[in-house]
Amino acid sequence: EKGPQLEARLQRYVDSCRLLIDLTITGCAYAGESEAHLWTRAIRRIGHPSGEWGGSTAMLSLRYFPTTLLTYAGGLAALAREQWLNLAAVMKAPRLPRRSDDVEGPAILRAAAAIVLDRDHARTLPNMDRRHTPTSDWLFALFRDPLRPLLRIDEDYERTFDRYEYLVAMIVSTDRVGGWVPPGRFAWRSAERRRYKQETVGDALRAEIEGLGANWGPVRGGVFREATEALAALERVERAIGGSTWI
């Protein structure tokens, strides 16, 4: 499936998950420590689709798309409200089996947007044919309105979205060899900002980690064990996106 048919399939996933997306956004934004496990359980449950694993590889990968939707919903909401334990419950705690051999790994990797919907297929979506990161751009548009109560200013939403996808790349870089990380919008936006000598999302995160150390939110919440681990992951992401031609 490509083009309008692919878009219709994605929209069916979104419609089916709408209530759970809204609940996850609200919960990860406002719920306390005692409820954090609920978001992990929800992602694990929806990340085990039933049925036979036969057919097109691209279409099979889309069975993880509801998991992608929930991780974005919860991760963006938790970041917006600086709910670090909820962020870890979404980004770090859930683990899912790999389809090929049932080996468990981070749900954030199994459901990484660029894996679930690859660039060639995503570029067949309406108005995405010339995008560097079409899957990321599609999700960016999708979540704008649901996150508007938490992030009313467009620049704040854009910054939060970039930070979330950068953190996803940092986590994936610790669990996947070969230097590949999911290429979110932050990658080409960072390249553009460097051209004009402006601060990138990686620059901002590095300054926070170096300045706060163990008190940096994602470390306190458990997304990373310590600041040195986070810095090492950040440098891997910088090397990965620095070696790509985005613009």
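The notes below deal with the structure included here. In this text the structure is predicted, and so the values were computed from the model without any measurement.

Next up on the list: the overall build of the protein. In terms of regular secondary structure, the protein is built from 14 helices and two strands. The C-alpha atoms of the protein give a radius of gyration of 17 Å, which matches the 18 Å a tight globule of 247 residues would have. In the protein, which comprises 247 residues, the proportion classed as buried is 52%. Pairs at least 24 residues apart make up 68% of the contacts formed inside the protein by residues separated by at least 6 positions. Working note: accessible area of the protein is about 11,900 Å², and carbon and sulfur atoms make up 48% of it.

The subject of this paragraph is the packing of aromatic side chains. Tallying each qualifying case throughout the model produces 10 aromatic pairs. Taken together, a centroid distance of 6.2 Å and an interplanar angle of 10 degrees make the contact between tyrosine 72 and phenylalanine 143 stacked. With tyrosine 72 in helix 4 (residues 65–81) and phenylalanine 143 in the loop between helix 9 (134–142) and helix 10 (154–173), the pair connects residues that are 71 residues apart, well separated along the chain. Assigned by exposure class, tyrosine 72 and phenylalanine 143 land together as buried. Taken together, the ring pairs in this structure connect Tyr72, Phe140, Phe143, Tyr157, Phe161 and Tyr164 into an aromatic cluster. Here the basic side chain of arginine 185 rests over the ring of phenylalanine 140, its NZ or CZ set 3.9 Å away from the ring centre.

What the rule picks out here adds up to 16 salt bridges. The residue arginine 44 makes a salt bridge to glutamate 104 at a minimum N-O spacing of 3.7 Å. Of this pair, arginine 44 sits in helix 2 (residues 36–46) while glutamate 104 sits in strand 2 (residues 104–106), placing them 60 residues apart in sequence. The class for arginine 44 is partly exposed, based on a relative accessible area of 30%. When its relative accessible area of 39% is taken as the criterion, glutamate 104 is described as partly exposed. One network of salt bridges, in which partners are shared, links Arg131, Asp137, Glu158, Asp162, Arg185 and Arg189.

How each quantity is defined
- Residues numbered from 1 in each chain as written.
- Predicted model: local features only at pLDDT ≥ 70, side-chain atom pairs only at ≥ 80, totals over all residues.
- Heavy atoms only, no water.
- Helix = DSSP H or I, 4+ residues; strand = E, 2+ residues; numbered from the N terminus.
- Rg over C-alpha atoms; globule rule 2.2 N^0.38 Å.
- Buried < 20%, exposed > 50% of the residue type's maximum accessible area, 1.4 Å probe, protein only.
- Contact = heavy atoms within 4.5 Å.
- Areas by Shrake-Rupley, 256 points an atom, 1.4 Å probe, with all protein chains shown as cover.
- Phe/Tyr/Trp six-rings, centres within 6.5 Å; stacked < 30°, edge-to-face > 60°.
- Lys NZ or Arg CZ within 6 Å of the ring centre and 35° of its normal.
- Salt bridge = Lys/Arg side-chain N within 4 Å of Asp/Glu carboxyl O.

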